[in-house]
Amino acid sequence: MLRVGRALECELQLPDPRVAREHALITFNAQGALMAASGGPLKINGQSASQVVLSVGDRIDIGPYRIDVEAAPAGLPLALAVTLDAPLQPPCGERIRSAESRGPRHSRRRLSYIALLGLLLLCLLVPVAPDLLSQARQASPAALAVAAAATVNSSVSVPTAAAAAAASAITAYPHIDTVSLEEATLRGAAGNLLQAWNPGPLSQGHQIFASDCGACHQTPFVQVRDEACKTCHKDTLDHVPISHLTGPAGHEFADTRCAECHRDHKGTHLVVRSQEQCADCHRDVKQVAAQATSDNVVDFHSGHPAFRISLSDAATPNVVRRVRQATPMPADMVERSRLKFNHQVHLDPNGVRDPDGKRNPAGMQDAQGQRTVLDCQSCHVPADGGRLMAPVKMEQHCQSCHSLAFEPSVTSRQVVHGEDAQIATMLREFYARLVLGDVPEGVHPPADLPRLRPGAVLTSEDRSRALAIADRKAKQVLHELFDTRQVCSTCHEVSRTGEYSWSVASVKMSSSWMPQAQFSHAAHDSEPCAKCHDVARSKDSKDVAMPAIETCRECHVGAQPVAGKVTSDCATCHGYHGAVKAAAKGLVAGAASAQSAARVAHAHQSFKESP
Amino acid sequence: MPQHQSILEFKRGRYFKLALLVCTASVAAYAWHEPSTSQLKPYGGTWLGYTLGTIAALLIVWLMLLGVRKRSYSSTIGSVQGWTSAHVFLGASLIVIATLHCAFEFGWNIHTLAYALMMLVVGSGMFGVFSYMLYPARITNNLAGETLDSLLFKMSELDRKCRRIALELPDEFNALVMKASGDAVRHADSGKSLRPEWLGGRGRNRLGEARDALLVMGTSLSGAQVKANEQLVSEMTRLVSMTERVRLEFRYRALLKGWLFLHVPMSFALLAALTAHVISVFYLW
């Protein structure tokens with residue numbers, strides 16, 4: 001008897017776990033060998049069976065083994081060929097070994113190629129593709145022909161589409177109808193990817209065209225040129241007209257680009273403080289411009305010349321004198337405005353007489369309700385954003401106390417603050433009305449003035465007589481105004497030009513004493529007016545009450561910080577663009593163009609003051 | 001035979017000193033340099049910024065040439081060991097040079113992308129140096145005189161032996177042994193994963209669990225099978241420890257090689273980003 005199974009004691013051991021420990025039994029009897037299943041399933045010639053008489057050619061499947069019955073040699077009862085058809089998986093060590101020999105799944109080389117080419121595409125090639133396309137288009141024979149024709153046809157360069165496109169490689173945009181869908185997509189993608197090239201936020205004013213790099217960067221590999229800036233900033237003036245610059249230093253200065261001072265992509269500030277760039281020329285300004293009239297200066301703290309005050313005389317209103325402050329005060333540091341004014345009287349701490357006991361515009365009145373105490377603000381109000389004080393107006397600031405009433409007992413009316421002819425007309429008309437019997441409300445006609453009785457009928461004689469009476473009365477009042485009561489000459493220089501005609505010298509008062517300076521009264525709000533403008537003891541309008549440089553130096557130092565002082569470089573007070581041209585104009589035309597220069601400087605001041 | 005000299009100590013730390021000098025000089029130049037007030041603050045576009053940027057860019061190109069030098073077997077320009085030592089130290093000094101070049105100005109743009117890629121490359125390189133210092137000794141201790149192949153061979157022998165012994169035991173023991181064979185393969189392969197051990201990179205040791213299960217199941221046996229099971233368990237225990245050693249061997253190899261899969265492709269990405277950075281700066285000058 002033969003036991004077939006995986007156990008050791010089986011005579012026919014089939015060492016595989018898929019075979020039962022004792023799987024089958026082979027017994028020998030008269031018919032031959034009989035194999036019967038005893039522990040597991042048998043397949044005999046492809047069919048399940050439980051036993052079979054073995055004959056040559058039979059095939060028995062036990063688990064993964066195939067047993068073929070073969071012809072037994074002489075003397076032996078049975079011959080079996082055992083084959084393992086389906087071996088088990090290899091042992092763990094071999095499986096690991098074979099996996100190892102397959103090699104790594106990932107390739108560093110392939111990853112590197114992908115990374116290199118991918119990033120080059122995204123970060124470099126796609127963003128510049130539109131420009132390369134435009135250049136290719138411009139270089140095409142058709143485009144070159146158009147450009148050539150344009151230059152031939154116009155001796156003066158008229159910007160044609162092709163010429164303009166050639167000048168600005170980055171901004172060249174073909175006509176819409178020639179752009180294919182693919183190109184439009186590429187341009188869109190390029191525009192988005194080009195934003196990745198932006199190194200920092202733009203200044204506020206430039207954010208409007210932030211998506212168009214070519215607006216400023218017009219030519220590749222060329223720094224931003226002035227033409228780009230001048231597209232919008234057409235009216236910005238040079239610091240010094242190019243024609244004034246002399247010598248090598250001057251030529252170097254003339255070649256300075258806008259972008260050397262104005263650097264963008266740094267957030268909101270675009271105007272720069274550039275003290276040493278100013279000092280480079282201004283330490284010896286005649287090297288740069290031989291006709292320069294300014295003193296050499298390097299820093300505010302030391303070596304800055306005393307201020308020059310711009311003064312003018314009412315007699316010669318178009319001439320501006322610039323007088324340098326000095327100790328002792330120069331003789332021509334006076335303003336001849338032809339207006340009489342006494343600051344000391346008006347600023348009396350005990351107040352001034354208010355003829356009607358009314359509140360003055362400033363609203364200040366003393367305890368008794370009679371004297372009005374004035375201060376600087378009563379007449380001087382900031383204008384032009386705090387750079388200057390608004391001109392003092394007689395009607396607004398003076399008339400409430402300095403009444404022009406011509407006959408206070410008769411009427412509260414005042415004459416117009418104008419020419420003597422206007423005053424005369426006004427008076428004649430007023431008295432003519434009274435004489436003719438039409439007395440307005442609130443008017444108490446003077447006793448000595450003849451008047452028509454109510455209901456009287458006028459002849460032409462009566463009419464001329466009435467007008468003559470009015471005329472005479474008017475002249476009398478004029479005489480009182482000008483000569484007797486000296487109403488006008490309280491403030492004005494009055495001279496007689498005839499029996500009943502006078503001339504008042506025209507008044508010119510400066511409002512801009514340092515038109516080149518950038519100054520804000522608002523920034524100095526915390527200081528009292530008198531700190532810089534010492535008028536408390538001024539009795540005459542010719543006094544000039546502008547602060548000297550020492551006053552400013554109490555708080556301001558130069559570009560090197562000092563503890564407890566305000567760091568101030570050139571740009572704190574001085575404008576740059578158009579400074580010289582404005583000064584030149586100011587010498588001739590006076591405050592008007594100085595104001596326009598100030599406007600230019602002031603417009604740029606707003607760059608500094610915005611947060 | 002001369003004693004092994006680490007690339008960090010090559011020629012008495014010559015390249016460490018050079019890198020230190022370069023960093024110190026850069027910091028000194030940065031501290032001393034005052035940008036013209038039109039430039040408001042230091043940034044990549046001052047003359048110092050351009051200088052540092054040029055130095056950094058040339059340095060990056062030279063660092064990548066290590067891959068060329070180490071494959072040029074006939075070259076006599078220095079030794080590969082010297083090149084590698086310089087590569088490590090000068091690569092580390094890039095952190096200082098590039099940061100001073102950009103003057104700490106960062107944004108969401110290609111320029112900061114190049115910087116970030118550079119930091120990734122340098123960081124992965126530092127991990128590489130760290131792994132080269134740490135793991136070779138551990139590999140030697142782990143193998144303890146064997147090689148990977150010999151370990152695997154022994155594992156195969158044990159596997160076959162376990163299968164042979166299990167034949168005497170009931171079917172469920174055989175099934176467990178067959179499953180344990182697969183578990184051993186999986187446990188060894190888990191070493192190739194780079195997940196940190198403390199983040200579950202080790203995984204369950206199902207092979208050990210199989211061995212424990214055999215013990216429990218063995219209590220239901222009797223007679224000669226008990227002894228067979230004891231033998232099976234002891235062979236299985238040897239298999240468990242050997243599998244663990246193979247797993248560690250794979251893990252150390254992965255750590256020694258894996259960082260390069262970041263370091264090398266990232267350095268090419270850096271090359272592309274750097275090219276785009278330099279060209280973009282002067283294209284839109």
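Bear in mind that the values here come from a model prediction, so they are computed numbers and not experimental data. (Residues numbered from 1 in each chain as written. Chains lettered and ligands numbered in written order. Predicted model: local features only at pLDDT ≥ 70, side-chain atom pairs only at ≥ 80, totals over all residues.)

Attention shifts here to the overall build of chain A. When helices and strands are tallied, chain A shows 18 helices and 20 strands. Expressed as a percentage of its 611 residues, the buried residues of chain A come to 20%. Counting contacts in chain A only where the partners sit at least 6 residues apart, residues at least 24 apart contribute 49% of the total. (Helix = DSSP H or I, 4+ residues; strand = E, 2+ residues; numbered from the N terminus. Buried ≥ 20, exposed ≤ 12 C-beta atoms within 10 Å, placed from the backbone. Contact = placed C-beta atoms within 7 Å.)

Our next topic: the interface of chain B and chain A. In many reports, interface size means the accessible area that the parts give up when they come together. Of the residues lining the interface, 43 residues belong to chain B; the matching set on chain A comes to 44 residues. The element contributing the most residues to the side of chain B that touches chain A is helix 9 (residues 224-283) of chain B, with 16 residues. Taken together, the residues of the side of chain B that touches chain A sort by class into 27 nonpolar, 11 polar and five charged. (Nonpolar A, V, L, I, M, F, W, Y, C, P; charged D, E, K, R; others polar.)

Residues and elements named next belong to chain A. In spatial order, the strands read 6-5-8-9-10; together these five strands make up an open sheet with antiparallel pairing. Among the strands making up the open sheet, the edge pair consists of strand 6 (47-49) and strand 10 (79-84). Pairwise comparison of adjacent strand axes, ignoring direction, gives a mean angle of 30° for this sheet. Two elements, strand 8 (residues 59-62) and strand 9 (residues 65-70), share four bridges in a ladder whose sense is antiparallel. Across the sheet, Arg59 pairs through a bridge with Asp68, a residue of strand 9. (Pairing = 2+ DSSP bridges. Axes fitted to C-alpha atoms, helices over the stretch in contact; angles between N-to-C directions.)

What follows deals with the domain arrangement of chain A. Along its sequence, chain A is organised into domain 1 (2-101), domain 2 (108-197) and domain 3 (352-504). With centres defined by C-alpha atoms, the gap from domain 1 of chain A to domain 3 of chain A works out at 144 Å. (Domains from an automatic or database assignment.)

Moving on to the domain arrangement of chain B. Split by domain assignment, chain B resolves into domain 1 (10-136 + 259-283) and domain 2 (143-256). Centre-to-centre separation of domain 1 of chain B and domain 2 of chain B, based on C-alpha positions: 47 Å.

Of all hydrophobic cores here, the largest spans 48 residues; its most connected members are Ala114, Leu117, Met118, Ala269, Leu270, Ala272 and Ala273 of chain B. Where this core is concerned, the elements lending two or more residues are helix 2 (108-139) and helix 5 (181-194) of chain A together with helix 1 (10-32), helix 2 (47-64), helix 4 (80-102), helix 5 (110-143) and helix 9 of chain B. With 11 residues, the top contributor of residues to this core is helix 4 of chain B. Apart from residues no more than four positions distant in its own chain, Ala114 of chain B is found in contact with Leu270, Ala273, Leu274 and His277 of chain B. Leu151, Phe173, Leu232 and Leu239 of chain B belong to the second-largest nonpolar core, a separate cluster that totals 27 residues. (Core = buried A, V, L, I, M, F, W, Y, C linked by C-beta atoms within 7 Å.)

Residue and element names in this part refer to chain B. Direction vectors running N to C along helix 8 (residues 206-218) and helix 9 enclose 165°, while the axes themselves pass 9 Å from each other. On the basis of their axis angle, the class for helix 8 and helix 9 is roughly antiparallel. Of the two elements, helix 8 crosses helix 9, and the hand of that crossing is left-handed. On the side of helix 8, the interface is formed by Leu207, Gly208, Arg211, Leu214, Leu215 and Gly218, while helix 9 contributes Val226, Asn229, Leu232, Val233, Met236, Thr237, Val240 and Thr243. Counted by class, the contact of helix 8 with helix 9 contains eight nonpolar, five polar and one charged residues. (Parallel < 35°, antiparallel > 145°, perpendicular 65-115°, else oblique. Left-handed = near helix turned anticlockwise from the far one by under 90°.)

Interpretation of this model should avoid reading the predicted coordinates in detail wherever pLDDT is low. Residues and elements named next belong to chain B. Residues at a pLDDT of 70 or more form 96% of chain B, whose mean pLDDT is 90. The spread of mean pLDDT over the elements of chain B runs between helix 8, the lowest at 89, and helix 2, the highest at 96. Interface confidence in the predicted complex, given as ipTM, is 0.85; pTM for the same model is 0.75. (pLDDT = per-residue confidence, 0-100.)

Right, let's get into the sheet that holds strand 4 (residues 33-37) of chain A. All names here are of chain A. With mixed pairing, five strands are arranged side by side in an open sheet as 2-1-3-4-7. Two strands bound the open sheet, and with one partner strand each, they are strand 2 (12-13) and strand 7 (51-53). As defined by bridge partners, strand 4 adjoins strand 7 across three bridges and the pair is classed as antiparallel. Paired with Met35 across the bridge in strand 7 is Val52.

When two helices pack together, their arrangement is given by the angle between the helix axes and by the axis-to-axis distance. Residues and elements named next belong to chain B. Across the interface, helix 7 (residues 171-189) lies against helix 8 with an axial gap of 8 Å and an inter-helix angle of 160°. When the interaxial angle is binned, helix 7 and helix 8 end up roughly antiparallel. Relative to helix 8, helix 7 is oriented so that their crossing is left-handed. Contacts from Glu172, Phe173, Leu176, Lys179, Ala180, Asp183, Ala184 and His187 of helix 7 reach helix 8 at Arg206, Leu207, Ala210, Ala213, Leu214 and Met217.

Residue and element names in this part refer to chain A. Pairing geometry for strand 1 (residues 2-5) and strand 3 (residues 24-28), over three bridges, is antiparallel. Within strand 3, the residue paired with Val4 across the bridge is Ala24. Here two bridges tie strand 1 to strand 2, and the two strands are oriented parallel to one another. Considered in strand 2, the bridge of Gly5 is made with Gln13.

Consecutive residues of a regular strand have side chains that alternate between opposite faces of the sheet. Residues and elements named next belong to chain A. Burial along strand 9 is one-sided: the face carrying Tyr65, Ile67 and Val69 is buried and the face carrying Arg66, Asp68 and Glu70 is not. As consecutive antiparallel partners, strand 8 and strand 9 are separated by two residues, and within that stretch Gly63 has a phi angle of approximately 60°, a positive value. As paired strands, strand 9 and strand 10 are joined by six bridges and run antiparallel to one another. If you follow Ile67 over to strand 10, its bridge partner there is Val82.

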